[in-house]
Amino acid sequence: MGKLIKYLGRYKLQCLLVLVLLVVQAVCDLALPDYTADIMDTGIMQKGIDRVSPKVISESSMQDIKLFMTEDEQKTVDESYELIDSISDTDLLPLKSDTADGKVYKRTEDNSEKLDELDKAMQTPMAVCAMAKQMKLDEMKQTDSGSQSSQQGQQMTPEMLEKLKGKTMLDMLKMGGSGLAFRENMADKLKDMSDMSMSQSAKAYIQQEYTALGVDLDSLEKSYLWIAGLKMLGMAGFIMLCTIAVGFLAARIGAGIGLDLRVGVFKKVISFSNQEMDGFSTSSLITRSTNDIQQIQMVLTIMLRMCLYAPILGIGGMIRVLDTNTSMMWIIGVAVLAVSLLIGVLMIIAMPKFKIMQKKVDKLNLVTREILTGLPVIRAFSREKHEEKRFDETNTDLTKTMLFTHRTMSFMFPSMTLVMNGVSILIVWIASKQIDMGKLQVGSMTAFITYAMMIIMSFLMLTMISVFLPRAAVAAERVDEVLTSESTVKDKPDADPERKITDGTVKFDHVNFRYHNADADVLEDIDFTAQKGKTTAIIGSTGSGKSTLVHLIPRFYDVTAGKITIDGVDVRDYTQHNLREAIGFVPQKGVLFSGDIDSNLAFGCPDASHEQLEKAAQIAQATEFITAKPDGFKSEIAQSGNNVSGGQKQRLSIARAIAKKPKILVFDDSFSALDFKTDVALRKALGENVKDSTIIIVAQRIVTIMNADEIIVLDEGKVAGKGTHLELLKNCEVYDQIVRSQLSEDEYNKQLALAGGKGAN
């Protein structure tokens, strides 16, 4: 996870903008359930009456409510209302044609904090007033009436009761009773009522008051619903814009990180020495550069859109739930615990398989690459069925692992759905009881369910990320392994960039070399000098270390002991660029790049003139087959040079090195695909045209090196002999065996005679 986050470092500002947009989106998302609850509870149930304090109230009703107010409450009300002559004088509410005449109190306060204080001051008195208005005196028992009247400071007689028949407790209190005393008497009943029940009772009283005044409640309800609906629509539109913006930014960031990683991996691989290339297989590097980076890019894009949004939504939902109803918080806790346990168990099971899966992808790529590159050999030996079976086994093995992980993770979504539906049922079951007791409204229950779903959805989002995250974490680790690998061959900190090779004399000074993790040296005590203007040949049996030796000159590897100097300077004291700039290296296997012949010849010297390229092709004996092509030097070269023969490929590789005009020319068994006639002509042309360069030739054929100025014979990584052809034939047993194996008996005897017979071995 840390490695994935590290890749976002370059895009801090964009990530910050994404975070801001997600917070805005979450705020809007979390506001929608409240609007839904308001539409149900206030818009429909309360006819659009959103506050306990009415916008207008008749003078008589206000006096009735004040009967049950304390002095402080009356003071708050008096400061917030003014008396006007008629309800028609105000435009606060929609009115019917048959509105009531008479003075009304108009609410003048519009500050939300003051309105909250006003609501608090009016809620209890209004609820008590509604109770008193509903209590019919003639329905009350005598004992209850006597008890009530005695508490009001007067004894009720039968005559008085007869007089008040059909009247309410409010009527009696208006005739001289104490409203505060009645309020105190109702204290126990008020305690049993929740704030919500009292608020509903007060708002029901306001509905009756508005109806009496001629307020059009249907218009009031529609107006409230339209306003709330438009607000919800506006928020939904804003959420859509935020979602689009976040998706756009996340995609750009993900694509940018993918680009950066591919560039980084490519540059790092280009800088690798042969030792690092041996450590990472080609198929693995291809997988890391494509499949692994694609995994990282996809997961980072999803992370920015969902992984950041999930905790914001979850925490916001928790806060909203606490505001809505704390008594049902335990349901959310149970749901979160169940989801966490589910995710934890699945991750423990699936995580190891994700790591194995990436390695099996590598293996599949390796097998596929081997089969495709070795197709001619497979066909020649009729091994198609065997290779099909090998591919099928590897493919089936990967498929089984992928199916296991996908089946394991597939349990997550139905399990999450079960949890979500179970939570919804549990909330409805418990909330229904609270609604029945007047402690909760239907809209609030709906909002609570929505918030609960949001919280669980946030965990579901994290769950979806957790499906991809393990595999992406493995991919990030594999990519990071490439990016953090340090090349064993690198420039010294004090290497002078101005120091360049001017002469080209190469000296091996008691050089030893051992491959990484090998048990023994491949080369041991190699000591010779390749002089400028001369040809030095290296020969030996297969596995004697010939190619390894010449790979040390351009620092494809660094020596283990001893040193290699050019112009008396250790090759490690040159910068790699300056060192390799002076070397023309022709590998054992000719490598061409897609393009044309011209671009391949100019690969090492982009500024070379066409005449220079033609001259190099002439020396390499490539002019004949190039000019035979319809487009000549502009003829197309297919990928890997598949449209030219092996010999043509080698000649073009040789011409490419010669065109560079290097100080040192290294041929690593580069004449093996040439016929003897072309071989002789090429070496003759080299001797005539490349006189100022140091030429080092690795060869298997005696005829290729017989005329070399000095021949180095290698045997099991050691120098078995040094000298000219005739000197070695006379004095070096290993060389004598090589010559004897390649020449006819007559030719061998002629050469031996020229050498003056056998010397002391």
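Provided above is the structure to which this section pertains.
Residues numbered from 1 in each chain as written. Predicted model: local features only at pLDDT ≥ 70, side-chain atom pairs only at ≥ 80, totals over all residues. Heavy atoms only, no water.

A.B. asks: What exactly am I supposed to notice about the overall build of the protein here?
C.D. replies: The secondary structure content of the protein amounts to 31 helices and 15 strands. The globule rule puts the C-alpha radius of gyration for 761 residues at 27 Å, and the 47 Å found for the protein is more than 25% above it. For the protein, contacts bridging at least 24 residues in sequence account for 78% of all contacts bridging at least 6. Of the accessible surface of the protein, which amounts to about 38200 Å², a share of 55% is contributed by carbon and sulfur atoms. Of the side-chain charges in the protein, 86 are positive and 96 negative, and the distance between the mean point of each set is 6 Å. (Helix = DSSP H or I, 4+ residues; strand = E, 2+ residues; numbered from the N terminus. Rg over C-alpha atoms; globule rule 2.2 N^0.38 Å. Contact = heavy atoms within 4.5 Å. Areas by Shrake-Rupley, 256 points an atom, 1.4 Å probe, with all protein chains shown as cover. Lys, Arg positive; Asp, Glu negative; His and termini not counted. Charge placed at Lys NZ, Arg CZ, Asp CG, Glu CD.)

A.B. asks: Explanation requested: the packing of helix α12 (residues 217-271) against helix α14 (residues 282-307) in the structure shown.
C.D. replies: Angle between the axes and distance between the axes are the two parameters that describe a pair of packed helices. Put simply, α12 and α14 touch, their axes get as near as 8 Å, and they point 155° apart. Taken together, the axis directions place α12 and α14 in an arrangement best described as roughly antiparallel. Like other packed secondary-structure pairs, α12 and α14 cross with a definite hand, here right-handed. (Axes fitted to C-alpha atoms, helices over the stretch in contact; angles between N-to-C directions. Parallel < 35°, antiparallel > 145°, perpendicular 65-115°, else oblique. Left-handed = near helix turned anticlockwise from the far one by under 90°.)

A.B. asks: What exactly am I supposed to notice about the nonpolar core here?
C.D. replies: Side chains of nonpolar character tend, in soluble globular proteins, to be buried together. Ranked by internal contacts, the top residues of the largest apolar core, which has 80 residues, are Leu4, Ile296 and Val423. Taken together, the elements giving at least two residues each to this core come down to α2 (12-45), α12, α14, α15 (309-324), α16 (329-373), α18 (384-410), α19 (412-436) and α20 (442-483). Not counting residues within four places of it along the chain, the set of residues in contact with leucine 4 comprises Ile296, Val299, Leu300, Met303, Leu469, Ala472, Ala473 and Ala476. Counting residues in hydrophobic clusters, the runner-up holds 52 residues, among them Ile597, Val644, Ile705 and Tyr735. (Core = buried A, V, L, I, M, F, W, Y, C linked by side-chain atoms within 4.5 Å. Buried < 20%, exposed > 50% of the residue type's maximum accessible area, 1.4 Å probe, protein only.)

A.B. asks: How should I be thinking about the sheet that holds strand β4 (residues 506-513) in this particular structure?
C.D. replies: Across a sheet, paired strands are connected by hydrogen bonds in the backbone, their directions being either parallel or antiparallel. The 4 strands are arranged β5-β4-β7-β8 in an open sheet whose pairing can be described as antiparallel. Edge positions in the sheet fall to β5 (523-530) and β8 (569-570), since each has one partner strand and no second. Here β4 pairs with β5 via 5 bridges, running antiparallel. Residue pairing in the sheet places lysine 507 in a bridge with threonine 529 of β5. (Pairing = 2+ DSSP bridges.)

A.B. asks: When you look at the sheet that holds strand β1 (residues 56-58) in this model, what are you seeing that I'm missing?
C.D. replies: Read across the open sheet, the 3 strands follow the order β1-β3-β2; overall the sheet is antiparallel. The open sheet has two edge strands, β1 and β2 (81-84), and neither has a second partner. Across this sheet, the average inter-strand angle for adjacent strands is 30°, counted without regard to direction. Sheet analysis places β1 next to strand β3 (residues 104-107), joined by 3 bridges and oriented antiparallel.

A.B. asks: What is the right way to look at the packing of aromatic side chains in this model?
C.D. replies: Remark: the centre distance and the inter-plane angle together describe each pair of aromatic rings, the angle taken between the planes. As enumerated under the stated definition, the model contains 8 aromatic pairs in all. Ring centres 5.2 Å apart and planes at 70° place the aromatic pair phenylalanine 556 and phenylalanine 585 in the edge-to-face group. Placement of phenylalanine 556 in the loop between α21 (546-551) and β7 (561-566) and of phenylalanine 585 in strand β9 (residues 583-586) is noted, with a sequence separation of 29 residues between them. Ring geometry for phenylalanine 593 and phenylalanine 603: centres 4.6 Å apart, planes at 15°, overall stacked. Highlighted residues: phenylalanine 593 in the loop between β9 and β10 (595-596) and phenylalanine 603 in the loop between α23 (597-601) and α24 (610-619), separated in sequence by 10 residues. (Phe/Tyr/Trp six-rings, centres within 6.5 Å; stacked < 30°, edge-to-face > 60°.)

A.B. asks: Mind showing me how you'd approach the environment of proline 352 here?
C.D. replies: Relative to the helices and strands, proline 352 resides in helix α16. In sequence terms proline 352 and lysine 133 are 219 residues apart; their C-alpha atoms lie 73 Å from each other.

A.B. asks: Is there a simple way to think about the pairing of strand β6 (residues 535-540) in this case?
C.D. replies: Along any regular strand, the residues point their side chains to alternate faces of the sheet. Among the 6 residues in β6, 6 count as buried, and that is most of the element. The alternating pattern of β6 places Thr535, Ala537 and Ile539 and Thr536, Ile538 and Gly540 on opposite faces, both of which are buried. Direction of pairing for β6 relative to strand β13 (residues 694-698): parallel, over a ladder of 4 bridges. Within the sheet, the bridge partner assigned to alanine 537 lies in β13 and is isoleucine 697. Of the strand pairs in this sheet, β6 and strand β14 (residues 710-715) are connected by 5 bridges, and their pairing is parallel. Each residue of the ladder has a partner; that of threonine 536, found in β14, is glutamate 710.

A.B. asks: Explain a negative patch on the surface to me, please; I cannot follow it from the model alone.
C.D. replies: A surface patch of like charges, here negative, comprises Glu384, Glu388, Asp392 and Glu393. Tracing the backbone shows aspartate 392 in helix α18. Look at aspartate 392 and you get partly exposed, because its relative accessible area is 45%. (Patch = residues over 30% accessible without salt bridge, like charges linked within 9 Å, V, L, I, M, F, W, Y side chains within 5 Å. Salt bridge = Lys/Arg side-chain N within 4 Å of Asp/Glu carboxyl O.)

A.B. asks: Help me out: how do you make sense of the side chain of threonine 548 in this one?
C.D. replies: Relative to the helices and strands, threonine 548 is located in helix α21. With residues near it in sequence (within four places) discarded, threonine 548 still touches Phe513, Tyr515, Val522 and Leu523.

A.B. asks: Quick question: what am I supposed to make of helix α5 (residues 112-134) here?
C.D. replies: The α-helix winds at 3.6 residues per turn, so residues separated by three or four positions along the chain end up facing the same way. In a regular helix each residue adds 1.5 Å, so 23 residues correspond to 33 Å; α5 covers 32 Å between its end C-alpha atoms and thus fits that length. At methionine 122, α5 shows its maximal bend, which comes to roughly 30°, and the proline proline 125 appears one to four places after that position. Of the residues flanking the start of α5, the one acting as N-cap is asparagine 111, its side-chain oxygen 3.0 Å from the backbone nitrogen of glutamate 113. (Expected span 1.5 Å × (residues − 1). Bend = angle between axes of the 7 residues up to and from the residue. Polar contact = N/O pair within 3.5 Å; in protein donor to acceptor, adjacent residues only side chain to side chain.)

A.B. asks: Can you help me understand the side chain of aspartate 119 in this one?
C.D. replies: Mapped onto the elements, aspartate 119 comes out in helix α5. For aspartate 119, the contacting residues outside a window of four places in its chain are Arg51, Val52 and Ser53.

A.B. asks: I keep staring at the pairing of strand β12 (residues 664-668) and nothing clicks. Help me out?
C.D. replies: Of all 5 residues that make up β12, 5 are buried, and the element is covered over most of its length. Going residue by residue along β12, you find Ile664, Val666 and Asp668 tucked away on one face and Leu665 and Phe667 tucked away on the opposite face as well. As paired strands, β9 and β12 are joined by 4 bridges and run parallel to one another. If you follow phenylalanine 585 over to β12, its bridge partner there is valine 666. When β12 meets β13, the two strands line up parallel, connected through 5 bridges. Bridging across to β13, valine 666 finds its partner in isoleucine 696. Taking the sense of rotation as the criterion, the β-α-β connection linking β12, helix α27 (residues 676-689) and β13 turns out right-handed. (Right-handed = clockwise from strand over helix to strand, strands pointing away.)

These results come straight from atomic positions and should not be treated as a statement about function.
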